[in-house]
Amino acid sequence: SDQMAFCLDCPGRVVETLSSPPRARVSHGGLGTFLWNPAAITRAVSTAEPLPFEEQHGPIVVGDEVLLCASQDQVVPLQVGHGGWSTRMAHCLGRYGRVATLNNRGDVRLD
């Protein structure tokens, strides 16, 4: 895809490795998360240092599996300034989701 082509010279973080066939899920921050053939990964560096797209959001990257807080009383105030609270969100509390996007305001969208 065009987005994958744009990521060819961008650093990413391997968030999952898969087999049959061998693939690596690599997060490129706001550019997306893509499955790459391991042969396409030309350099790997093990580091805890944040990549440029991680500096604003901390260690959470696109593709991460996260567990939402189970307490509605704790979560509702956190939603102020981040789209507000919707009662439809209540069924997601205490469940796992996968980070789909991050933005520069600190908003996280899960799938």
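Refer to the structure presented above.
Keep in mind the model is a prediction, meaning the values are calculated, not measured. All residue numbers refer to positions counted from 1 along the written sequence of the respective chain. With pLDDT at 70 or above as the cut-off, local features in this predicted model cover only qualifying residues; side-chain atom pairs require 80 or more to be listed or tallied, and sums for whole chains, interfaces and linings still use all residues. Hydrogen atoms and water are omitted, and side-chain values are computed over all heavy atoms in the structure.

Another point: the sheet that holds strand β3 (residues 33-36). Consider a sheet: its strands pair through backbone hydrogen bonds, and that pairing is either parallel or antiparallel. Read across the open sheet, the three strands follow the order β1-β2-β3; overall the sheet is antiparallel. Taken across any chain shown, the strands that pair with only one partner, and hence form the sheet edges, are β1 (13-18) and β3. Pairwise comparison of adjacent strand axes, ignoring direction, gives a mean angle of 25° for this sheet. Only strands that DSSP links by at least two bridges are regarded as paired with each other. Helix numbers and strand numbers start at the N terminus; a helix is a DSSP run of H or I with at least 4 residues, a strand a run of E with at least 2. In this sheet, strand β2 (residues 23-27) lies alongside β1 in antiparallel orientation, the contact comprising five bridges. Looking at the pairing, Val14 lines up with Val26 of β2. Every angle, taken between N-to-C directions, lies between 0 and 180 degrees, and every axis is a line fitted to C-alpha atoms, over only the stretch in contact when it is a helix.

Read across the sheet, three strands follow the order β4-β5-β6 without closing on themselves; strand pairing throughout is antiparallel. A strand with exactly one partner marks an edge of an open sheet, and here the two such strands are β4 (65-67) and β6 (108-110). Each strand axis lies, on average, 55° off the axis of its neighbour in the sheet, ignoring direction. Here three bridges tie strand β5 (residues 96-102) to β6, and the two strands are oriented antiparallel to one another. In the strand pairing of β6, Val99 is matched with Leu110.

What follows concerns unusual backbone geometry. Between Ser20 and Pro21 the backbone carries a cis peptide bond, its omega angle lying at -10°. If you trace the backbone, Pro21 turns up in the loop between β1 and β2. Within the chain, Ser20 stands out as a residue other than glycine whose phi angle is a positive 60°. Structurally, the position occupied by Ser20 is in the loop between β1 and β2. Given a relative accessible area of 68%, Ser20 falls into the exposed group. A simple rule labels every residue: compare its accessible area, found with a 1.4 Å probe on the protein chains alone, to the largest value its type can have, and call it buried under 20%, exposed over 50%, or partly exposed in between.

As far as function goes, none of this settles anything; it's purely spatial.
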